[in-house]
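Close look at the chain arrangement
The lines below spell out each chain.
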Amino acid sequence: TDGSALITGILLAFNVPSNLPWWIIIIGSLAAVGIGKLSFGGLGNNIFNPALVGRVFMLISFPVQMTSWPVNHRSGIDAVTAATPLSVIKEGVLNGSSISEISKNLPSMADMLFGNIGGSLGEISAILLIIGGLYMLWKKVITWHIPTSILLTVAIISTLFWLINPDAYINPVYHILSGGLMLGAIFMATDMVTSPMTPKGQIIFGIGIGVITISIRMFGAYPEGISFAILIMNAFTPLINTYVKPKRFGGK
């Protein structure tokens, strides 16, 4: 009755392909609410973001269905499936292709900004995610600390690697606009229950997510790493809260 399960359901829908069989999303929803939240004692007690628990559960259990996205056509959704931009980059790099060669098969920045690409519902339009984030900032639902620290960390690290070897690493703008980075940074990492309480702690939390995300993207087996990064840092939230505390009134 508090609406939290509805929010979990919406976020979970944003994390799956539109052609995912209905019975898989039901299993994922049960895992999200049952394992991710109720097993810890319900709302306010869960350590991990419930929607991400459901997503990772489905990704591990149904990897083929969770990584098959329909091709996006202006006339509608076709039955043909295609790889996401991050998957194209990862596969190309593993096959020894240069970034300049891989870029020929990638969508333009404008397509990524406005959503004319394949991917999960919450991955395909960066501009809409930014508008949603600005609205939540305006309403004071979230603060700037976590999204900004995540995006800046990813941007800084990816820029350094890109400057060192632009033929082996994609430019930082592509990292920011592609995949679930925007969705994770704005809507999932900012979950009040599973993120640190203090601004300083939130910045540390965001930097950790950014480092893990870009490490998985560049050197890991998966093309995307934001889900795993948020869950890993969720586990460190109690530790961050313990050591990064505001001074007590009157204390030294």
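Scope of this entry: the structure provided in the associated data block. In this text, all values refer to a predicted model and were calculated from it rather than measured experimentally. (Residues numbered from 1 in each chain as written. Predicted model: local features only at pLDDT ≥ 70, side-chain atom pairs only at ≥ 80, totals over all residues. Heavy atoms only, no water.)

With that settled, the discussion passes to the overall build of the protein chain. From N to C terminus, the protein chain includes 13 helices and two strands. Here the C-alpha radius of gyration of the protein chain, 18 Å, is about what a compact globule of 252 residues would show, namely 18 Å. Across its three principal directions, the C-alpha atoms of the protein chain cover 60 × 45 × 30 Å. The buried share of the protein chain, reckoned over its 252 residues, is 45%. (Helix = DSSP H or I, 4+ residues; strand = E, 2+ residues; numbered from the N terminus. Rg over C-alpha atoms; globule rule 2.2 N^0.38 Å. Buried < 20%, exposed > 50% of the residue type's maximum accessible area, 1.4 Å probe, protein only.)

All told, the structure shown has one cavity of 30 Å³ or more when counted by the stated rule. Empty space within the largest cavity amounts to approximately 70 Å³. Lining the largest cavity are Asn-15, Leu-52, Arg-55, Glu-123, Gly-180, Leu-183, Gly-184, Met-188, Glu-224, Ile-226, Ser-227 and Ile-230. At the level of secondary structure, the elements contributing two or more residues to the lining of the largest cavity comprise helix H3 (50-61), helix H11 (181-188) and helix H13 (226-243). Its residues assigned to classes, the lining of the largest cavity shows five nonpolar, four polar and three charged. (1 Å grid on protein atoms, 1.4 Å probe; cavity = no way out; pocket = protein on both sides within 12 Å on 5 of 7 lines; lining within 4 Å. Points joined across faces, edges and corners; volume = space filled by probe spheres on them. Nonpolar A, V, L, I, M, F, W, Y, C, P; charged D, E, K, R; others polar.)

Before going further, it helps to examine the packing of helix H12 (residues 199-219) against H13. A pair of packed helices can be characterised by two numbers: the angle between their axes and the separation between those axes. Axis separation between H12 and H13 bottoms out at 9 Å; the angle between their running directions is 150°. Between H12 and H13, the crossing angle belongs to the class labelled roughly antiparallel. Crossing of H12 over H13 shows right-handed handedness. In contact with Gly-201, Ile-204, Phe-205, Gly-208, Ile-209, Ile-212, Thr-213 and Ile-216 of H12, H13 contributes Ile-226, Phe-228, Ala-229, Ile-230, Ile-232, Met-233, Asn-234, Thr-237 and Ile-240. Taken together, the residues of the contact of H12 with H13 break down into twelve nonpolar, five polar and no charged. (Axes fitted to C-alpha atoms, helices over the stretch in contact; angles between N-to-C directions. Parallel < 35°, antiparallel > 145°, perpendicular 65-115°, else oblique. Left-handed = near helix turned anticlockwise from the far one by under 90°. Contact = heavy atoms within 4.5 Å.)

Moving on to the pattern of salt bridges. Across all of its chains, the model carries one salt bridge by this definition. Between Arg-217 and Glu-224 there is a salt bridge, and its shortest N-O distance comes to 2.9 Å. According to the relative accessible area criterion, Arg-217 is buried, its value standing at 6%. (Salt bridge = Lys/Arg side-chain N within 4 Å of Asp/Glu carboxyl O.)

So, about the packing of aromatic side chains. Counted according to the given criterion, the structure contains six aromatic pairs. With a centroid separation of 5.5 Å and an interplanar angle of 85°, the aromatic rings of Trp-23 and Phe-62 are classed as edge-to-face. Of this pair, Trp-23 sits in helix H2 (residues 22-35) while Phe-62 sits in the loop between H3 and helix H4 (63-66), placing them 39 residues apart in sequence. For Lys-139, the ring lying beneath its charged end belongs to Trp-138, and the centroid distance is 4.9 Å. (Phe/Tyr/Trp six-rings, centres within 6.5 Å; stacked < 30°, edge-to-face > 60°. Lys NZ or Arg CZ within 6 Å of the ring centre and 35° of its normal.)

Taken as a whole, the largest pocket holds about 590 Å³ of empty space. Taken together, 23 residues make up the lining of the largest pocket; nearest its centre are Ile-7, Thr-8, Leu-11, Phe-187 and Asp-191. Going through the elements one at a time, helix H1 (4-13), H3 and H11 are the ones with two or more residues in the lining of the largest pocket. Counting residues per element, the lining of the largest pocket draws most heavily on H1, which supplies five residues. Counted by class, the lining of the largest pocket contains 14 nonpolar, six polar and three charged residues. Computed from the structure, the second largest pocket encloses a volume of approximately 300 Å³. Lining the second largest pocket are 24 residues, and of these Arg-55, Thr-67, Trp-69, Pro-223 and Glu-224 sit closest to its centre. Breaking the lining of the second largest pocket down by element, the ones donating at least two residues are H3, H4, helix H5 (85-94) and H13.

A separate point is unusual backbone geometry. The phi dihedral of Lys-140 falls on the positive side, at around 60°, and the residue is not glycine. Note on placement: Lys-140 falls in the loop between helix H8 (126-138) and helix H9 (145-164). Given the relative accessible area of 71%, Lys-140 is considered exposed.

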